[in-house]
Amino acid sequence: MNLLTKVPFHISRSRVVNNVLVSNACNFKKSLTCTSVYQFRPLSTNPMEPNAADINNKKNKKVRSLRVQGLDTSNFPDLSKLDPILDVPGPIVDPPFPVTRPSVVITAPETESDDIDALSIVTRLSPSEIRDLQKRTLIIKRVSSQTEKGRIPSMYALVVVGNGKGVAGFGEGKHDEVQTAIKKATNIAIKSLRYFERYDDRTLYHDIEHKFHGTTIKLWARPPGFGIRCNHYIHEVAKCVGIQDISAKVHGSCNGMNVIKCTFEALNSQNLPSEIAKSRGKNLMDVYHTYYGTK
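Residues numbered from 1 in each chain as written. Predicted model: local features only at pLDDT ≥ 70, side-chain atom pairs only at ≥ 80, totals over all residues. Heavy atoms only, no water.

An account of the packing of aromatic side chains is needed here, citing residue identities and associated values.
In this structure the tally under the stated criterion is three aromatic pairs. Summarising the aromatic geometry, the rings of Tyr199 and Tyr205 are spaced 5.7 Å apart at their centres and angled 65 degrees between planes, so their arrangement reads as edge-to-face. Neither Tyr199 nor Tyr205 differs from the other in exposure class; each is buried. Joined through ring pairs, the aromatic side chains of Phe170, Phe196 and Phe264 make up one cluster. Here the guanidinium or amino end of Arg229 rests over the ring plane of Phe226, the centre of that ring lying 4.1 Å away. (Phe/Tyr/Trp six-rings, centres within 6.5 Å; stacked < 30°, edge-to-face > 60°. Buried < 20%, exposed > 50% of the residue type's maximum accessible area, 1.4 Å probe, protein only. Lys NZ or Arg CZ within 6 Å of the ring centre and 35° of its normal.)

Next up, the structure:
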């Protein structure tokens, strides 16, 4: 009988000598004091003696054999024969996959045509005239606006539109996508179309100097065949307006937005012969003869 498992006690000042636990002052439940010596069994080093792992493996094998003993292959169904309920007699034919797509493809209406119809109502231009307009996207850049939630990035586009016969306008648009920003800017430019007077339908009536913020431009009227010799932004604006002979010089800031806006304001600030004749109290033909020669 193992005394360690039968007798409860508290061991104090114990020590081990040659695999023997020697304890003094043992306290039993009845406050008895004794000196006991208990011999511990050393670990087995015999390889022939079975371990706990081998015993567990043998038990698992017995359980598996018991599980397999209950199976009878005669109870399995014969898969070589057709089942009258589950199997279809004859050759197996896969049924056609059901087509859920409609026979007629439904397409969304064209947004471009809708925009042209709406713009034709606003500008009183025919759809063909709107389609024939020259559309030039001159500036595309990434911008960001600072808000309480942080910086919100977007794309900025500036578009110049004109028919090459004195009618032109520009528009600005911002959106997350570039194409949408260009579309918005184009619609705004078409809505802001206006007519610019041209001398002999090819050049300016007189030399112009105009300032817009930090940009100052000088425009000079030129004789026939001179061409367009100026800043590339002014060149595109002159093409859309229909000016064929002009030269220009940009001073100060060469920012594209300022140059384009300054050019439109300069073209709009021309002194026309009718205004000069009215202010001087003279006949219009006299003004033409004095300022532009005989016409």
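From this point on, the discussion continues.
How would you sum up helix 7 (residues 256-268)? Please name residues and give values.
Taking 1.5 Å of rise per residue, 13 residues should cover 18 Å, and helix 7 covers 19 Å from first to last C-alpha, within 8% of that figure. All of the buried residues in helix 7 are Gly256, Met257, Asn258, Val259, Ile260, Cys262, Thr263, Phe264, Ala266 and Leu267. (Helix = DSSP H or I, 4+ residues; strand = E, 2+ residues; numbered from the N terminus. Expected span 1.5 Å × (residues − 1).)

I'd like a description of the environment of Asp176, backed by residues and values.
Along the polypeptide, Asp176 turns up in the loop between strand 6 (167-175) and helix 5 (178-191). Looking at Asp176, the relative accessible area reads 58%, which means it is exposed. Between the C-alpha atom of Asp176 and that of Val143, which follows or precedes it by 33 residues, the distance is 9.9 Å.

Give me the sheet that holds strand 5 (residues 150-162): which residues, what numbers.
Strand order in the open sheet formed by four strands is 4-5-6-7, and the pairing between neighbours is antiparallel. Edge positions in the sheet fall to strand 4 (134-147) and strand 7 (194-195), since each of these pairs with one other strand and no more. Bridge analysis of strand 5 against strand 6 gives eight bridges, and the strand direction is antiparallel. Note on strand 6: the bridge partner recorded for Tyr156 is Lys174. Relative to strand 6, helix 5 is tilted by about 145 degrees, and along the sheet it contacts strand 4, strand 5 and strand 6. Set on the sheet, helix 7 makes contact with strand 4, strand 5, strand 6 and strand 7; between it and strand 6 the angle comes to about 150 degrees. (Pairing = 2+ DSSP bridges. Contact = heavy atoms within 4.5 Å. Axes fitted to C-alpha atoms, helices over the stretch in contact; angles between N-to-C directions.)

An account of the pairing of strand 4 is needed here, citing residue identities and associated values.
Here strand 4 pairs with strand 5 via 13 bridges, running antiparallel. Across the sheet, residue Ile139 finds its bridge partner in strand 5, namely Leu158. Where strand 4 folds back on strand 5, the antiparallel hairpin that results is connected by two residues.

How would you sum up the nonpolar core? Please name residues and give values.
Leu219, Ile260 and Leu267 are the most contacted members of the largest nonpolar core, which has 29 residues in total. Broken down by secondary-structure element, the contributors of at least two residues to this core are strand 5, strand 8 (208-212), strand 9 (215-221), helix 6 (232-241), strand 11 (246-252) and helix 7. Here the element with the most residues in this core is helix 7; it accounts for seven residues. For Ile260, the contacting residues outside a window of four places in its chain are Leu138, Ile139, Leu158, Val160, Tyr233 and Val237. Residues Leu119, Ile182, Ala189 and Leu193 belong to the second largest nonpolar core, which totals 13 residues. (Core = buried A, V, L, I, M, F, W, Y, C linked by side-chain atoms within 4.5 Å.)

For unusual backbone geometry, give the residues involved together with the corresponding values.
Even without glycine at this site, Asp200 takes up a positive phi of about 60 degrees. Its identity is not glycine, yet His213 carries a phi of approximately 55 degrees, on the positive side. Within the secondary structure, His213 sits in the loop between strand 8 and strand 9. Relative accessible area serves as the criterion here: at 59%, His213 is assigned to the exposed category.

Give me the packing of helix 6 against helix 7: which residues, what numbers.
Close contact between helix 6 and helix 7 brings their axes to 9 Å; oriented N to C, the two are set at 40 degrees. Taken together, the axes of helix 6 and helix 7 are oblique relative to one another. Here helix 6 and helix 7 pass one another in a crossing that is right-handed. Mapping the contact onto sequence places Tyr233, Ile234, Val237 and Val241 in helix 6 and Gly256, Val259, Ile260, Thr263, Phe264 and Leu267 in helix 7. Split by residue class, the contact of helix 6 with helix 7 holds eight nonpolar, two polar and no charged. (Parallel < 35°, antiparallel > 145°, perpendicular 65-115°, else oblique. Left-handed = near helix turned anticlockwise from the far one by under 90°. Nonpolar A, V, L, I, M, F, W, Y, C, P; charged D, E, K, R; others polar.)

Describe in detail the confidence of the model for the protein, supporting the description with residues and values.
The pLDDT averaged across the protein works out to 78; a share of 62% of its residues lies at or above 70. pLDDT under 50 marks residues 1-14. Its contacts with residues more than four places away, or in other chains, come to 24 contacts. The low-confidence segment residues 16-43 (pLDDT under 50) makes 50 contacts with residues lying over four places distant or belonging to another chain. (pLDDT = per-residue confidence, 0-100.)

Give me the lowdown on the side chain of Arg202, citing residues and values where you can.
Note that Arg202 resides in the loop between strand 7 and strand 8. Given a relative accessible area of 11%, Arg202 falls into the buried group. Among the polar contacts listed, one links the side chain of Arg202 to the backbone oxygen of Arg222, at a separation of 2.8 Å. Not counting residues within four places of it along the chain, the set of residues in contact with Arg202 comprises Arg222, Pro223, Pro224, Gly242, Ile243, Gln244 and Asp245. (Polar contact = N/O pair within 3.5 Å; in protein donor to acceptor, adjacent residues only side chain to side chain.)

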